[in-house]
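# Coordinates in review
Residues per chain are reported as follows:
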Amino acid sequence: MKRPVVLSLAIAVPFEILSLALATPPLDVGLADDATWYQKLLAGQWAILHLPGIWLSFRVEKLGLHIYAYPNFWIYYFIFGCLDTAVLILICICAYRLLSAPREKDASGAA
């Protein structure tokens, strides 16, 4: 199990670096009224995939730690984005291994 975890983290970090550099989270400014269907779809999947990080940021705010008061609050979102992405990639790797594993035949010869 150690190799898939390392692989998912190795994939997640560059993916989040590109995401941080090229895209802004759609929840920050909202979507325009004339947004295309694929922009709405991407914004929705972003929100679903990063829901643990969004939830955690609300929890941190309720504890009295206002991350926006710090100049480097984006590091917080980068770290939790990497963790969210790594978990998603790990789930995909495990699902692929489970689905592509050879199945044993029973005594009657049926698969």
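Residues numbered from 1 in each chain as written. Predicted model: local features only at pLDDT ≥ 70, side-chain atom pairs only at ≥ 80, totals over all residues. Heavy atoms only, no water.

## Some words on the overall build of the chain
- Counting its secondary structure elements, the chain contains five helices and zero strands.
- Along its sequence from the N terminus, the chain presents helices and strands in the succession α-α-α-α-α.
- Considering only intrachain contacts with a sequence separation of at least 6, the fraction spanning at least 24 residues in the chain is 63%.
- Carbon and sulfur atoms make up 71% of the accessible area of the chain, which totals about 8,900 Å². (Helix = DSSP H or I, 4+ residues; strand = E, 2+ residues; numbered from the N terminus. Contact = heavy atoms within 4.5 Å. Areas by Shrake-Rupley, 256 points an atom, 1.4 Å probe, with all protein chains shown as cover.)

## Focus: a nonpolar patch on the surface
- The grouping of Val 5, Leu 9, Leu 20, Trp 74, Ile 75, Ile 79 and Leu 83 at the surface amounts to a nonpolar patch, some 570 Å² of accessible area in total.
- Those elements that provide at least two residues to the nonpolar patch are helix H1 (2-22) and helix H5 (73-100).
- Considering each element in turn, the nonpolar patch owes the most residues, four residues, to H5.
- Classification of Leu 20 as partly exposed rests on a relative accessible area of 43%. (Patch = residues over 30% accessible without salt bridge, like charges linked within 9 Å, V, L, I, M, F, W, Y side chains within 5 Å. Salt bridge = Lys/Arg side-chain N within 4 Å of Asp/Glu carboxyl O. Buried < 20%, exposed > 50% of the residue type's maximum accessible area, 1.4 Å probe, protein only.)

## With respect to the side chain of Asp 84
- Turning to its location among the elements, Asp 84 is positioned in helix H5.
- Leave out the neighbours within four places in its chain, and Asp 84 touches Leu 49, His 50, Pro 52 and Gly 53.

## Points about the packing of helix H3 (residues 37-49) against helix H4 (residues 51-62)
- Relative orientation of the contacting elements H3 and H4 amounts to 60 degrees, with a least axis distance of 4 Å. From H3, Trp 46, Ala 47, Ile 48 and Leu 49 reach across to H4, where they touch Leu 51, Pro 52 and Ile 54. (Axes fitted to C-alpha atoms, helices over the stretch in contact; angles between N-to-C directions.)

## Focus on the confidence of the model for the chain
- In the predicted model, the chain carries a mean pLDDT of 76, and the fraction of residues at 70 or more is 77%.
- Within the chain, the element-level pLDDT minimum falls on helix H2 (residues 26-29), averaging 54, and the maximum on H5, averaging 83. (pLDDT = per-residue confidence, 0-100.)

## A word on the side chain of Ser 8
- Within the secondary structure layout, Ser 8 lies in helix H1.
- A distance of 2.8 Å separates a polar side-chain atom of Ser 8 from the backbone oxygen of Val 5.
- Residues contacting Ser 8, with those up to four places away along its chain left out, are Ala 86, Ile 89 and Leu 90. (Polar contact = N/O pair within 3.5 Å; in protein donor to acceptor, adjacent residues only side chain to side chain.)

## Details of the environment of Gly 53
- Note on placement: Gly 53 falls in helix H4.
- Residues Gly 53 and Tyr 76, spaced 23 residues apart in sequence, show a C-alpha to C-alpha distance of 9.0 Å.
- With residues up to four places along the chain from it excluded, the contact list for Gly 53 reads Tyr 76, Phe 80 and Asp 84.

## A look at the environment of Val 5
- Tracing the sequence through the fold places Val 5 in helix H1.
- Judged by relative accessible area, Val 5 falls into the partly exposed class, the value being 33%.
- Spatially, the C-alpha atom of Val 5 lies 6.4 Å from that of Leu 90, the residues being 85 residues apart in sequence.

## Description of the state of the cysteines
- Enumeration according to the criterion identifies zero disulfides in this entry.
- Residue Cys 92 stays outside any disulfide, its sulfur separated by 9.5 Å from that of Cys 94, the closest cysteine. (Disulfide = S-S within 2.5 Å.)

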